[in-house]
Amino acid sequence: MFTGDRLRVARQRRALTKKSLAEQIGVAPRAITGWEADEYPPEPHNVAKIVSVLGFPVSFFKKDETSQTPSGAISFRSLTTKTAAQRDAVLAMCDIAKDVTSWMDTRFGLPEPDLPDLSDEEPSVAALLVRQEWGMGNKPIKNLLSLLEAKGVRVFALPDNCREIDACSFWSDDLPFVLLNTEKSSERSRFDMAHELGHLILHKRGAPSGRQAETEANAFASEFLMPEPSVQANRARNWSIGTLIQKKKIWNVSVSALAYRLHKLGFMSDWHFKSLNIEMQRRGFKKVEPDSSPHEQSKVFEHVLARLREKRVSLRFAANEISIPESELRGLIYGLAKVSFEGSTNKDVSTKPGSHLTVIK
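It should be emphasised that the depicted structure is a prediction, and the values quoted were computed from it without experimental measurement. (Residues numbered from 1 in each chain as written. Predicted model: local features only at pLDDT ≥ 70, side-chain atom pairs only at ≥ 80, totals over all residues. Heavy atoms only, no water.)

Draft legend 1. Quick peek at the overall build of the protein chain. Across its full length, the protein chain carries 16 helices and 4 strands. Its C-alpha radius of gyration of 22 Å places the protein chain within 12% of the 21 Å reference for a compact globule of 361 residues. The principal-axis extent of the C-alpha atoms belonging to the protein chain is close to 75 × 45 × 40 Å. Split into buried and exposed, the 361 residues of the protein chain put 54% on the buried side. Within the protein chain, contacts between residues separated by at least 24 positions form 73% of all contacts whose residues are at least 6 apart in sequence. Summed over all atoms, the accessible surface of the protein chain reaches about 16600 Å², with 49% contributed by carbon and sulfur. Side-chain charges of the protein chain comprise 51 positive and 45 negative groups, with the mean position of each set lying 6 Å from the other. (Helix = DSSP H or I, 4+ residues; strand = E, 2+ residues; numbered from the N terminus. Rg over C-alpha atoms; globule rule 2.2 N^0.38 Å. Buried < 20%, exposed > 50% of the residue type's maximum accessible area, 1.4 Å probe, protein only. Contact = heavy atoms within 4.5 Å. Areas by Shrake-Rupley, 256 points an atom, 1.4 Å probe, with all protein chains shown as cover. Lys, Arg positive; Asp, Glu negative; His and termini not counted. Charge placed at Lys NZ, Arg CZ, Asp CG, Glu CD.)

Draft legend 2. Spotlight on the pattern of salt bridges. Going through the model one piece at a time under the given rule, you end up with 24 salt bridges. A salt bridge links Arg-14 to Glu-328; its shortest N-O distance comes to 3.3 Å. Of this pair, Arg-14 sits in the loop between helix H1 (4-13) and helix H2 (18-25) while Glu-328 sits in helix H16 (residues 326-333), and the two are 314 residues apart along the sequence. Exposure remark for Arg-14: the relative accessible area of 26% places this residue in the partly exposed category. The class for Glu-328 is buried, based on a relative accessible area of 4%. Ionic pairing is found between Glu-279 and Arg-283, a salt bridge with its closest N-O pair at 2.8 Å. (Salt bridge = Lys/Arg side-chain N within 4 Å of Asp/Glu carboxyl O.)

Draft legend 3. Fine view of the environment of Arg-163. Within the secondary structure layout, Arg-163 lies in the loop between strand E2 (154-157) and strand E3 (167-172). Through-space distance from the C-alpha of Arg-163 to that of Asn-181 is 5.6 Å; in sequence the pair is 18 residues apart. Beyond its immediate sequence surroundings of up to four residues, Arg-163 is in contact with Leu-158, Asn-181, Glu-183 and Tyr-334.

Draft legend 4. Layout of the packing of helix H5 (residues 84-108) against H16. Direction vectors running N to C along H5 and H16 enclose 90°, while the axes themselves pass 11 Å from each other. The angle between H5 and H16 places the two elements in the roughly perpendicular class. Counted together, Met-93, Ile-96, Ala-97 and Val-100 of H5 and Glu-328, Leu-329 and Leu-332 of H16 form the full contact between these two elements. Looking at side-chain class alone, the contact of H5 with H16 contains 6 nonpolar, no polar and 1 charged residues. (Axes fitted to C-alpha atoms, helices over the stretch in contact; angles between N-to-C directions. Parallel < 35°, antiparallel > 145°, perpendicular 65-115°, else oblique. Nonpolar A, V, L, I, M, F, W, Y, C, P; charged D, E, K, R; others polar.)

Draft legend 5. Here's a closer look at the packing of aromatic side chains. Under the criterion given, the structure shown has 10 aromatic pairs. Ring plane angle 70° and centroid distance 5.8 Å describe the contact between Trp-103 and Phe-108, whose orientation is recorded as edge-to-face. Each of the two residues, Trp-103 as well as Phe-108, counts as buried. Members of the aromatic cluster, joined through ring pairs, are Phe-2, Phe-56, Phe-60 and Phe-61. Lying across the ring of Phe-60, Arg-6 places its NZ or CZ 5.0 Å from the centre. The ring of Phe-267 has Arg-235 lying over it, and the distance from NZ or CZ to the ring centre is 4.3 Å. (Phe/Tyr/Trp six-rings, centres within 6.5 Å; stacked < 30°, edge-to-face > 60°. Lys NZ or Arg CZ within 6 Å of the ring centre and 35° of its normal.)

Draft legend 6. Layout of unusual backbone geometry. Of note, the phi angle at Ala-15 is positive, near 55°, even though the residue is not glycine. Inspection of the secondary structure puts Ala-15 in the loop between H1 and H2. The exposure class of Ala-15 is partly exposed, given its relative accessible area of 32%. Its identity is not glycine, yet Asn-252 carries a phi of approximately 55°, on the positive side. Mapped onto the elements of the fold, Asn-252 is located in the loop between helix H11 (241-251) and helix H12 (255-264).

Draft legend 7. Looking closely at helix H15 (residues 315-322). The set of residues buried in H15 consists of Leu-315, Phe-317, Ala-318, Ala-319 and Ile-322. In the core, the buried residues of H15 are packed alongside H5, helix H14 (299-310) and H16. Positive backbone phi, approximately 70°, marks Ser-323, located one or two places after H15.

See the structure below:
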């Protein structure tokens, strides 16, 4: 049984239009439309061509229809100048991330979501309420990735041809997802995580959108990562570039994010803030973070990969179980965990009955 929606996912993942795919297969564009709409299945020889062109296994096209991720349900960052094909490639990747989540949850048991819905709160208030609910006080967050995973957020990397955006997030079947550009500095990646957490908590019901939503998510991230009492307690007499580089390590944020937060809190004048930004631009700090910290690693993927190593199961075999190319699975892990093994057996990779993955904060 050929599932047309799976053809849509694979085609969009390769950033192909129906017309361009039709040309590569040697059929009319109307055929692609008919196949994706399940009006009629492709002939066996065309299925072989689809597999060859798109690089997805035959089993992928026999899976059940996905709960298609609509563009309106996703918070995109830095997508305003991107093409429809780039947007669709990310949306398709979100669909694949849901397949990987289902596989991991079945075999390893992921933490249940524990995110409050604070859609009616102001962003800064929401950030304080989340900290209070999670028992964090005003302490700096040591490992934000582990914290999100412990609270049930499914965190993945944005793979090749999806890294034109900073990050994206969405809810699917009451599960929160975040996809990150892991090629950015650790500090900027952490802010992206906090920003997307803001979307998940503030905009679960889908509104507002656009610039207002981005502004609110930024305000949430700033307060969540750098609570005002914590910043107040670590104020400096003179906020020079050198002082910013030294102090940013307290909260593990970028020099730009710290300067912006100080200015917003009134701890830095407009003139001083503008001067520092000019200096940071001159030194290239807007592109390359000075004295950057190591990237945080995923406890979830560390556990899964360790289990695969124990069973001597290759990542390729795991990808085959999910019915996706190995490159897609590696792309979703890219930068979040080290993949440095190749198993050799096709063993059951499930944990013991009743076991559950616990992520340490």
